[in-house]
Amino acid sequence: MKLKKIILKKTNSTNDVAIRQIRKGTRNGIIISESQTSGRGRYGKKWISIKGNLFLSIFFEIKKNTLIKKITKTNCLLIKKVLKKLTFEKITIKPPNDLLIKKQKVCGILQETIVYNKKKFMVVGVGINITKSPIINNYPTSYINKYSKNKINKYSIFANIKKTYEKSLTGNLI
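Residues numbered from 1 in each chain as written. Predicted model: local features only at pLDDT ≥ 70, side-chain atom pairs only at ≥ 80, totals over all residues. Heavy atoms only, no water.

**Student:** What is the right way to read the packing of aromatic side chains from this model?
**Tutor:** To describe a pair of aromatic rings, you give the distance between the ring centres and the angle between the ring planes. Per the counting criterion, the structure on display carries 1 aromatic pair. Considering the side-chain rings of Phe60 and Tyr165, the 6.4 Å spacing of their centres and the 40° angle between planes classify their relative orientation as tilted. Here Phe60, found in strand β3 (residues 54-62), pairs with Tyr165, found in helix α3 (residues 154-170); they are 105 residues apart in sequence, far enough to count as distant. When its relative accessible area of 1% is taken as the criterion, Phe60 is described as buried. Judged by its relative accessible area of 1%, Tyr165 is buried. Above the face of the Tyr139 ring, Lys105 is positioned so that its terminal group lies 5.4 Å from the ring centre. (Phe/Tyr/Trp six-rings, centres within 6.5 Å; stacked < 30°, edge-to-face > 60°. Helix = DSSP H or I, 4+ residues; strand = E, 2+ residues; numbered from the N terminus. Buried < 20%, exposed > 50% of the residue type's maximum accessible area, 1.4 Å probe, protein only. Lys NZ or Arg CZ within 6 Å of the ring centre and 35° of its normal.)

In structure tokens form, the structure reads like this:
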């Protein structure tokens, strides 16, 4: 399955753009933005969007009876698969939706479901600290370039995530 690619300079939230696309009739896609002004995390927490890091959302239709817990694990595993090719350190999953290197958060994933025209959609927001990490009280963070031999390009990560999801969605892994 091909994901419609949407590239933005600035947006309030890539998840919000995904929801608008669904309401316009787009069934699946992937959105990237250079910057986000109102990125969000779980429980309404603000996602700190530092320039140079990666902000994207993937959206696709799911079956109404699909277990969200299963998709959450699959989404973490798919993003981890892409990131582990870039670093010499082990990446771990802190349930339900954070990816860590050396117990420091390098990636957060926010899932939202939306029902539109009697169809259910999953929106997967992904924030990856590539060049800098935000300072969060009582939650250590880091960034991928710190654990890589080569400087990482966010657009190559974006392309790899797109390819990984297209393959997984085609193979009905989600």
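Having put the structure on the table, let's press on.
**Student:** Would you mind going over the pairing of strand β7 (residues 119-128) with me for this structure?
**Tutor:** Within β7, 9 of the 10 residues are buried, which leaves the element mostly enclosed by the surrounding structure. Where β3 and β7 come together, 9 bridges link them in antiparallel fashion. Opposite Ser57, over in β7, you have Gly125 as the bridge partner. Summarising the sheet, strand β6 (residues 104-116) and β7 pair through 10 bridges and their orientation is antiparallel. Residue Thr113 lies in a different strand from β7, and its bridge partner there is Met122. In this antiparallel pair of consecutive strands, β6 and β7, the connection spans 2 residues, and Asn117 shows a positive phi of 50°. (Pairing = 2+ DSSP bridges.)

**Student:** I tried to follow the nonpolar core on my own but got confused; where do I start?
**Tutor:** If you look at soluble globular proteins, the nonpolar side chains tend to sit buried side by side. Ile58, Ile79, Ile128 and Ile161 are the most contacted members of the largest nonpolar core, which has 33 residues in total. Those elements giving two or more residues to this core turn out to be β2 (29-36), β3, α2 (68-84), β5 (98-101), β6, β7 and α3. Residues Ile22, Ile31, Ile114 and Val123 belong to the second largest nonpolar core, which totals 10 residues. (Core = buried A, V, L, I, M, F, W, Y, C linked by side-chain atoms within 4.5 Å.)

**Student:** Teacher, can you tell me more about the side chain of Ser148 here?
**Tutor:** If you trace the backbone, Ser148 turns up in the loop between β7 and α3. Overall, Ser148 belongs to the buried group, its relative accessible area being 15%. Engagement of the side chain of Ser148 in a polar contact is seen with the backbone oxygen of Asn150, the distance being 2.7 Å. (Polar contact = N/O pair within 3.5 Å; in protein donor to acceptor, adjacent residues only side chain to side chain.)

**Student:** How do you make sense of unusual backbone geometry when you look at a structure like this?
**Tutor:** Residues other than glycine predominantly adopt negative phi, and peptide bonds predominantly adopt the trans conformation. Between Pro95 and Pro96 the backbone carries a cis peptide bond, its omega angle lying at 5°. Of note, Pro96 is situated in the loop between β4 (91-94) and β5. Of note in this structure, Lys103 is not a glycine but carries a positive phi near 65°. Tracing the chain through its elements places Lys103 in the loop between β5 and β6. Look at Lys103 and you get exposed, because its relative accessible area is 71%. In this structure, Asn138 takes a positive phi of about 60° despite not being glycine. With respect to the secondary-structure elements, Asn138 resides in the loop between β7 and α3.

Taken by themselves, the reported measurements are silent on function.
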